[in-house]
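Here's the letter readout for the chains.
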Amino acid sequence: VHCRSSGINAEYGDDSVGYFVSPTIVLTSNPECKLLKEEIFGPVVTVYVYKDAEWAETVKLVDETSPYGLTGSIFCRDRSILHETHKALRHSAGNIYFNDKSTGSVVGQQPFGGSRASGTNDKAVSLNLIGKWTSPQAIKETLVPLTTHTYPYMDQ
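Anyway, here's the lowdown on the structure attached to this text. Here the structure is a predicted model, which is why all the values come from computation and not from measurement. (Residues numbered from 1 in each chain as written. Predicted model: local features only at pLDDT ≥ 70, side-chain atom pairs only at ≥ 80, totals over all residues. Heavy atoms only, no water.)

Thoughts on the pairing of strand E5 (residues 71-74)
Regular strands have side chains that alternate between both faces of the sheet. The side-chain alternation of E5 yields one buried face, formed by Gly72 and Ile74, and one unburied face, formed by Thr71 and Ser73. Bridge count for E5 against strand E6 (residues 95-98) is four bridges, and the pairing is parallel. Paired with Ser73 across the two strands is Tyr97, which belongs to E6. On the question of chirality, the crossover connecting E5 to the parallel E6 by way of helix H4 (residues 79-88) is right-handed. (Buried < 20%, exposed > 50% of the residue type's maximum accessible area, 1.4 Å probe, protein only. Helix = DSSP H or I, 4+ residues; strand = E, 2+ residues; numbered from the N terminus. Pairing = 2+ DSSP bridges. Right-handed = clockwise from strand over helix to strand, strands pointing away.)

Considerations on unusual backbone geometry
At Asn99, a residue that is not glycine, the phi angle is positive and equals roughly 50 degrees. Mapping Asn99 onto the fold places it in the loop between E6 and strand E7 (115-116). Residue Asn99 is classed as partly exposed on the basis of its relative accessible area of 40%.

Focus on the packing of helix H3 (residues 55-65) against H4
Packing of H3 against H4 leaves a shortest axis separation of 10 Å and a crossing angle of 35 degrees. Note that H3 runs across H4; the crossing there is right-handed. Each of Trp55, Val59 and Asp63 in H3 lies in contact with H4, whose residues at this interface are Ile81, Glu84, Thr85 and Ala88. Considering only residue class, the contact of H3 with H4 consists of four nonpolar, one polar and two charged. (Axes fitted to C-alpha atoms, helices over the stretch in contact; angles between N-to-C directions. Left-handed = near helix turned anticlockwise from the far one by under 90°. Contact = heavy atoms within 4.5 Å. Nonpolar A, V, L, I, M, F, W, Y, C, P; charged D, E, K, R; others polar.)

Some remarks on H3
Every buried residue belonging to H3 is among Thr58, Val59 and Thr65, and all of these are buried. Summarising the axial view, the buried residues of H3 lie within an arc of 135 degrees, below the 170-degree limit, and thus occupy one face. Residues of H3 that are exposed and angled more than 90 degrees away from the buried face: Glu57, Lys60 and Glu64. (Arc of directions from axis to C-beta.)

With respect to the pairing of strand E2 (residues 24-28)
Side-chain alternation along E2 places Thr24, Val26 and Thr28 on a buried face and Ile25 and Leu27 on a face that remains uncovered. Looking at chain direction, E2 and strand E3 (residues 44-48) are connected through five bridges and run parallel. For Leu27, the partnering residue across the bridge sits in E3 and is Val47.

A look at the pattern of salt bridges
Under the counting rule described, the total for this entry stands at three salt bridges. Between Glu32 and Lys37 there is a salt bridge whose closest N-O contact spans 2.7 Å. A relative accessible area of 44% places Glu32 in the partly exposed class. The partner of Lys34 in a salt bridge is Glu38, and the shortest N-O contact between them spans 3.9 Å. On the accessibility criterion, Lys34 (42% relative accessible area) is partly exposed. (Salt bridge = Lys/Arg side-chain N within 4 Å of Asp/Glu carboxyl O.)

This is the structure:
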């Protein structure tokens, strides 16, 4: 319904009312489209097609469009472009996939979740989460009494 009222082309989906959303592909020519800015938890993919010559501007647009950053995918055949894109989008998502589907982070398999407004970057069952409520301290104990203050490499 939002798609039709905004002049967006919804390739699949339905008009039913309720909480279930059929798998939907949305094609938009508007880089400011609401569906590109919001976190949608459902089988909805919003596609914005850009011209090859506008690649750098589009990468910047991806970085600046949304306050959310749970998961993202970069599909690219050119490894140098892939690296450059990842560098530009370094803080855009908590989980980044290269040439793979963005399935989201999996509890117990990936150590953190989203970036920005998509969470705290911690994931349930992750050891990283413990740091939120603790003050870690490293302790080293030597059981053999020291006979010198130097290290072996200093004798060379």
